[in-house]
Structures are given as structure tokens and as C-alpha cells.
Amino acid sequence: MFKQFWAVSLMSLQTLPQRLGASSVIVVGIAGVVAVLVSVLAMGAGFRHTLADGGRADRAIVLRGGSDAELSSNLTRSDVDTIGNAPGIAKDAEGKALLSNELVTVVNIPKIDTGSDANVTLRGVGLRLTQVRPELTITAGRMFQPAVRELIAGVGATKQFRGLTPGSVLHFRNADWTVTGVFTSNGDIHESELLADVDTVGSATQRSGYSSAIALLTSAAAFTEFKDALTTDPQLKVDVQREPDYYAAQSKGLSKAINVVGNTVAVIMAIGAVFGALNSMYSAVAARGMEIATQRAIGFGALPVLLSVMLEAVTLSLLGGLIGAALAWMMFNGHSVSTLGGAFAQVVFKLTVTRTLIITGIVWACIIGVVGGLFPALRAARLSVAEALRAA
Amino acid sequence: MKYFPLVWATLWRKKTRTIFTLLSVVVAFLLFGVLETVDYAFSHPSGGATGADKLVTMNKYSITLPLPFADVQQIRSVPGVEEVTWLTWFGGYYQESKNFVFALPIDIDTYFNLHKDELIVSDAEMRAFRDTRTGGLVNAALMKKFGWKVGDKVPLHSTIWTQKNGSLDWTFDIAGTFDAKDPTQASQLASSFLFHYELFDEGRSFGKGNVGWIEERVTDPSQASDIANRIDALFANSPDETKTQPSKDFAMAFIKQLGDVGFVLRAILGAVFFTLLFLTGNTMMQSVRERVPEFAVLKTLGFGDAAVLGLVMAESLLLCVAAALVGLALSFAAIPIVKMGLQGMELSRGALLPGIGVAVLLGVIVGLPPALRAMRLTIVDALADKR
């Protein structure tokens, strides 16, 4: 039985080159579906990576109670002092709390590709920034100085917005700000932002409070202690979240929307591709009618014939799936795009074609191949030997 | 036209193949129609209840940054400005954050004067709204969504504004309903909830005396851009510089920032049509190849080369255009579903028209190579060689 299957399959695969036109329809059709599916989902994966994977479990973000994002939050100086004294927070060598009090505002910078103004986050950060966020590395230029109008730009932002090279000067809020450096930060959302000293940003925007406080904790387990201390303090009305939870909530809406769009479009395209595959496989079976009938006449069973047709369809689909995934990877992996994030400011992210996405694409390809091959395979298996031989 | 039965018959020569090809073209055009309407919606944001005579002034840097209330008076004195009103983003939702409510604190007189051509409220409901300090004037669609009735007390949660007691929950008494005069604009207002600006400004614990953005109506729409420049000049070099733009551009600026939606959609459509071209093209080639002897017979009967070319082209066009029409009709039917996902956006059915052009183009590209092949056949060769 297996011997028969292999013999028949080998024969059908060997005759493939003679049916190049019809077979390539399956390959191209499925490559198209998989390329679109993987590219769109890569957008979602990249966005999730930028937001959700950015945070550390041992870092907490404190916002005013009831605010769901930094932009609508407001903490006073005394709030920040109280937060700095909470248990569970990590301390530096001098015994100072590793806390960054931050102020988020928005500036307008033209996008490189369209030239139209986009809202870019300018984040005022506390003095202990580099200890609270050790993943932050300056890759060009130098760190900003406090008390002067200097800022550093995230590497993502420099690719999307104009004039963010070290040494260039930006004009906003009636003042000139010098870009002193470019930083990376593990590919997280801060790479879309500009960072500067919090009090300088505060005076430029005439705001006295802060948007949030970011605390590095002694360990991920210390979070509960830290949170409980702050939320039970009657002087404070704050929400405390682990950083990954905060960013996951921020990215939920858009990444869900991207997945819905990607899957819907791919399902519709897949239906089209199934029709294409059916067409090709029916014509393959018709073209090989004589051959199949002969095989049946000399004693090959119906099942090996059926399986050989299925194998051909799935082989072609697999090839199409691989080509599609490869195309998506070559064209879009690492491609940098930006969109309006939850805080009315631009989030820059890279399309990421992950291994899971490639596997998803290939699974889709196989499903299309199986569906598209099944009915033609049944026809081949049921072929009446006498009629098929007579037709020739 | 007299050859139509012939074209029809050849089209159905192999039923399964034609049906599958038709179905894949239908599917492609369904996708085309849907994506094209979405693209159209993104590139042509409807000005909503606002026409060419409306301007919006916001903080130069971001809609999230406030402007001082004093700006309103200064803008009022700009010649050509007929009415000015001021608003603030409330960031409201009802019970759960997914129940977004576009709650807007308004100055009743100026707001309704500015939008007098677009909004309708019955006199009685307007009176009730004015007389209730905590009153809310709610769009009928929103009332229905949450099952509210006039007289209900509803709490709205603000993600931004705390009251003096520290609470983020604001309670309103529904005083009446309002709607758009033009029914095509009604979806713009579908989650609108208006309430008194004074209540808001007195109640909030911070930000008093600031406004979120300012809207203006000008006497002469042709002067609108000059007036916008004059307004911005008033506040140039002040700590709160402004950006004034027609309300259409105001909406557009947000959509532009969402990213190049159009590019993504066009890239998908490109992939779909490349695939389709390949698939349909292959079917046509195959069909013509099988019919070589038939074409020889046709030519023997006296059909000219041009006539044979025409027959194959007609067949290809018929296949593509008929399937495209079905696909577009399906996407037309799907518009209400798309609309649920894109609230507040107007989807124009006119965006479907290019689809027919694309179908004709597809038919020509797909049909031309086999048609040329059929045209060039010589009778003797074609009859001799069956393939």
C-alpha cells in the first residue's frame, strides 16, 4: 500500500513540469495569501513587541488614580516624594530611591516621508533615568544635561521624523532645543520618543506636576508590597501597575484591530486561492486521466491514487507558503512604520516576521492545499478505468 | 451582440473551471470593494456637521494641550469671525472603558448658534436642558444604545477630569435629545453627549480657565484661510501658540497621523490582483489551447482574424466584468458591517466605481495573450495539430 502510494506519487510529481502553468497557479495563489497574511500580522507582532515587551516586571508605573494613560495623569511633587519612600523600591549606593518622575508632553515634528506634522512624545525624565532604565544606551552623541534645553532622541524617532541627528536644533515652545544624542532602549516604545530633563520640560510647558513616576523595585516580587503601600496611603490617590501590564493594556486595541484585519483579509483571499487550487488540480487530474487509468488498470488501488493527488496539491501549496512567507520576510521584516498611539502621539515600530508567523502562514498554505486537493483527488480515485482509457 | 450566445456557450464549455474562476474573481472584487471603501473613508474624512465656514483653533503642539480661556475673547474680535465657542475633551465612558461616550462640555448659546444649521433640538427639550444645571443633551442613537430615557440620572467616568472631591465620576440628568439635521451626518454624532460648560469648569479640580479647543464660524467661507492666519498671528510668540485650520483638515490631520493606511491597503490589493491575474490568465490560456481546433473551424467558416480576436476578448471581459459586478455588489452589501468597525467615518459608495474600471482592465490583460494566439492561428496548422 505504501509502496503503491510512493510509486504513484513519484510518477505524478515527475510529470509536474509538464503541467507547469496550471501548477504554478497554486503556488502563486497561495504565495499571495501567505505573503499578505504574514505581512499584516507582522505589523501586529511588531507593535506588540514595541509596547508589550518593553517593560520589566520589576518596574512599576504610578499614575493618578483613574487615569488610564500617562497623558491624562497628574501627580504633584509631594506625591512623588511619598512614592519614593514606599517600601519595595530599589535604592542606589547613596540610599536614594531609584525613581524617575516623568512629565509627558507632545511636540510637532514633520515626518520624513510625508513632511506633514506628527505628534511626537517629549518625555521629561528624572535624574536617575539611567539607573531606573538600565536598558537605555546612548548610541551616538552624548546624554542631555539637566537645566539646559537639550534632549536625546530615540532611534525609532530619528528614522521617522526630521532633524533628529545629534547637534541639530529643534524649535518648539518659543525655545531652541539641541539634540545631543541618540539612544536605543531594547526596541521599546521609548525609542519613539524624545527624552529631556523633567524640570526643564516642566518649565517649558508651564506645568508644575508630573505625569507619572517610574520605580525600579528590588525584585518583581516586591511589587505587591510597593503597590499595597501606595494604594492604602490615604494621602495618595494613585494607580500602580507593573510596566508590562500597563503597556499591554495600551497596545491591546490596535494590535487586536490589526489581527482582525489581517485574518479577515487572509480568509477572503484564502477562499479565492482554494478556487484556484481546485481549478488547477481538476485540470491536473484531467490531463493525467490516461495515466491514472493505466495505473488503476495494472492494479494500483484507489487510495494511493487519491493520496498521490493530495500529495501533489499539498507539495505545491507548501512551496507557495514558503515563497509567500519568504517574500513577506524579505520585503517587510524590520521595516519601520509609525502610527498614532493611545496617547495621541506617534509610536514607531518595526514589522517583525516571527517564527510563529511563518509557521502560521505555512499551516494556512497546507489547509488551502488540502481543501483544494481533496475534491480533485476524489474524482481521480473514482475515475472509471474503462471510460478514461476509451476517451484517449 | 448576435455573437453573444456563442461567447456564452464557449464560456461554459467547462463548467467547473468557469465556476471556480468566476468565484475567485468574485472574491477578489469583494475584497477590492471593501478595502477601496475603507481607503476612501480614510482619505476623505467627512467634515461632519461642519462646513467650509468652520474653523478649529487648537494648541499648536497638540490637541491634548490646553489654551487659555482669554483667547476666546481675542478671537471674537477678529473681523470676519461670526461666532466663537469653546470645548474641552472630557474623555468619557459609561460604566466600562469600552463604552466610549463623546461627552462634550459646551457653552450652550455659542455652541448652538455656531452649529445652528446642523443640529436640531425641540424647543421644549432645549428649555429643559438650559434649566437643568446638571443636564445632558444626548444623541438619540446613544440613548438607545444604553437604554437611557429622558429624566435618567447617568454617571459618566472621565479619564482626565477629577472633581473637587477627587472623584472621576460625573453624574448628569438627561434633559433631552438632539440630532443632526442632515441624516447622512447622523453617524458623526452617534456617541455625542452634551453638557453645561459651567458645571464642568466649576466642578473640575484643576485646569480651570483653560479650554481644550476653540471653534469659529466665519461670515465668508472664502476668507476662512485668511482669518485662520489672523487668529494664529494673535498668539504667535505667546506661551500658547495656536494652530487654526478648517475643520475638515482638523479631522484629516488625525487620520494622517494614523499612518499610511492607504499604502497598506494598496499593497494588499496589489498582491490580490497579481494573484488573480495569474489565476484567470492561466484559465483563459488553457481554455484557448483546448479549443484550437474549434477556432480553426470558425476560421474555415469565414470568421476573420479580428472576429476571432473579438470573440476571445469578449469571453474574457464577460468573465471578469460579470464576476466583478457580483463581487462589488457583495462588498456593497458588506458596507454596513465595515461601518460598525469604523465608527464616525462615512463610507462612500462612489468608491466602488473604480472597481468596474479595474475589472475591464483585468479582462483586457487576461484576454489579450490568448486572443492574439487565437487570431494568429492558421487554419491548416490548427486543424492538423489538435493541441
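Cut-offs used in this document
Starting from 1, residues in each chain are numbered consecutively following that chain's sequence as written. Here the convention is simple: chains get letters from A, ligands get numbers from 1, in the order in which they are written. Note on the predicted model: pLDDT of at least 70 is required for a residue's local features to be given, and 80 or more for side-chain atom pairs to be given and counted; whole-chain, interface and lining totals, by contrast, use all residues. Comment: elements are numbered from the N terminus, with helices defined as DSSP H or I runs of at least four residues and strands as E runs of at least two. Whether a residue is buried, exposed or partly exposed is read from the other C-beta atoms within 10 Å of its own C-beta, which are placed from the backbone; 20 or more gives buried, 12 or fewer gives exposed, and intermediate counts give partly exposed. Two residues qualify as a contact pair if the distance between their C-beta atoms, derived from the backbone, is within 7 Å. Angles shown run from 0 to 180 degrees and are taken between the N-to-C directions of axes, each axis being a line fitted to C-alpha atoms and, for helices, limited to the stretch in contact. Our angle categories are set so that under 35 degrees counts as roughly parallel, over 145 as roughly antiparallel, 65 to 115 as roughly perpendicular, and the remainder as oblique. Each helix crossing is assigned a hand: it is left-handed if the near helix lies turned anticlockwise from the far helix by less than a right angle, otherwise right-handed if that turn is clockwise. Residues are grouped as follows: Ala, Val, Leu, Ile, Met, Phe, Trp, Tyr, Cys and Pro are nonpolar; Asp, Glu, Lys and Arg are charged; all remaining types, including Gly, are polar. A pair of strands is treated as paired once DSSP finds two or more bridges between them. Here the limits of each domain have been adopted from an automatic or database domain assignment. Each nonpolar core comprises buried Ala, Val, Leu, Ile, Met, Phe, Trp, Tyr and Cys residues, the members being joined through C-beta atoms within 7 Å. In this analysis, the expected span of each helix is defined as 1.5 Å times one less than the number of residues it contains. As a per-residue quantity, pLDDT reports the predictor's confidence and falls between 0 and 100.

When helices and strands are counted, chain A shows 12 helices and 12 strands. The dimensions of chain A, computed from C-alpha atoms along their principal axes, are 95 × 45 × 35 Å. Looking at chain A as a whole, 54% of its 392 residues qualify as buried. The long-range fraction of contacts in chain A, counting pairs at least 24 apart against all pairs at least 6 apart in sequence, stands at 83%.

Moving on to the packing of helix H10 (residues 302-332) of chain A against helix H11 (residues 355-382) of chain A. Residue and element names in this part refer to chain A. Orientation of H10 relative to H11, taken along the N-to-C sense of each, is 150 degrees, at an axis distance of 7 Å. Classified by the angle between their axes, H10 and H11 sit roughly antiparallel to one another. As H10 packs across H11, the resulting crossing turns out to be right-handed. Of the residues that constitute the contact of H10 with H11, the class distribution is 24 nonpolar, eight polar and no charged.

What follows deals with the sheet that holds strand E12 (residues 213-218) of chain B. Residue and element names in this part refer to chain B. With antiparallel pairing, the four strands of this open sheet are ordered in space as E3-E12-E1-E13. Two strands in the sheet have a free side with no partner beyond their single neighbour: strand E3 (81-87) and strand E13 (242-246). Mean inter-strand twist for the sheet, computed between neighbouring axes without regard to direction, equals 20 degrees. Summarising the sheet, strand E1 (residues 54-59) and E12 pair through five bridges and their orientation is antiparallel. Residue pairing for E12: Met58 is matched across the bridge by Trp213. On the sheet, helix H8 (residues 224-235) packs against E1, E3, E12 and E13 and is oriented at approximately 170 degrees with respect to E13.

Residue-level contacts link 39 residues of chain B with 41 residues of chain A. Of all the secondary-structure elements, those providing two or more residues to the side of chain B that touches chain A are helix H2 (15-43), helix H9 (247-257) and helix H10 (261-290) of chain B. Examining the composition of the side of chain B that touches chain A, we find that 11 residues originate from one element, H10 of chain B, more than from any other. Considering only residue class, the side of chain B that touches chain A consists of 21 nonpolar, 16 polar and two charged.

Attention now goes to the domain arrangement of chain A. Residue and element names in this part refer to chain A. Assigned domains of chain A: these are domain 1 (2-52 + 251-391) and domain 2 (66-236). The distance between the C-alpha centroids of domain 1 and domain 2 comes to 47 Å. Tallying the contact residues gives 12 residues for domain 1 and 17 residues for domain 2. Elements represented by at least two residues in the side of domain 1 that touches domain 2 include exactly helix H2 (20-52), strand E11 (336-340) and strand E12 (346-350).

For E12 of chain A, the tally of buried residues reaches five of five residues, placing the bulk of the element in the interior. Along E12 of chain A, one buried face is formed by Gln346, Val348 and Lys350 of chain A and the opposite face, lined by Val347 and Phe349 of chain A, is buried too.

This part covers unusual backbone geometry. Of note in this structure, Ala147 of chain A is not a glycine but carries a positive phi near 70 degrees. The topology assignment puts Ala147 of chain A in the loop between strand E4 (137-141) and strand E5 (150-154). The exposed category is assigned to Ala147 of chain A, around which 10 C-beta atoms lie within 10 Å. Notably, Asn237 of chain B is not glycine yet its phi reads approximately 65 degrees, a positive angle. Position of Asn237 of chain B among the secondary structure elements: in the loop between H8 and E13. C-beta crowding within 10 Å serves as the criterion here: with 7 such atoms nearby, Asn237 of chain B is assigned to the exposed category.

All right, on to the nonpolar core then. Counting residues in each nonpolar core, the largest one holds 180 residues, and the members touching the most others are Val33, Val38 and Ala215 of chain A. Per-element tally for this core: the top contributor is H2 of chain A, with 21 residues. If near-sequence neighbours (up to four positions away) are discounted, Val33 of chain A is found in contact with Ala266, Met269, Ala270, Ala273, Gly324, Trp364 and Ile368 of chain A. Core analysis: the second largest hydrophobic core is formed by 29 residues, Phe90, Phe112, Leu114 and Phe129 of chain B among them.

The next point concerns the domain arrangement of chain B. The domains assigned to chain B are domain 1 (4-46 + 259-384) and domain 2 (93-206). For domain 1 of chain B and domain 2 of chain B, the distance between their C-alpha centres works out to 50 Å.

To continue, consider H2 of chain A. Taking 1.5 Å per residue as the helical rise, H2 of chain A with its 33 residues ought to reach 48 Å, and the 46 Å between its terminal C-alpha atoms agrees with that figure. Within H2 of chain A, 30 of the 33 residues are buried, which leaves it mostly tucked inside the rest of the structure.

This part takes up the confidence of the model for chain B. All names here are of chain B. Residues of chain B with pLDDT of at least 70 account for 93%, and the chain-wide mean is 85. When mean pLDDT is compared element by element in chain B, E3 scores highest at 94, while H9 scores lowest at 74. Interface predicted TM-score (ipTM) for the complex: 0.75; the corresponding pTM is 0.79.

The next thing to look at is the pairing of strand E9 (residues 212-216) of chain A. Residues and elements named next belong to chain A. When you tally the buried positions in E9, you get five out of five residues, the bulk of the element. Bridge count for strand E1 (residues 59-64) against E9 is four bridges, and the pairing is antiparallel. Across the sheet, the residue bridging to Ala60 is Ala215, located in E9. As paired strands, strand E2 (residues 99-110) and E9 are joined by four bridges and run antiparallel to one another. By the bridge assignment for E9, Glu102 is matched with Ser212.

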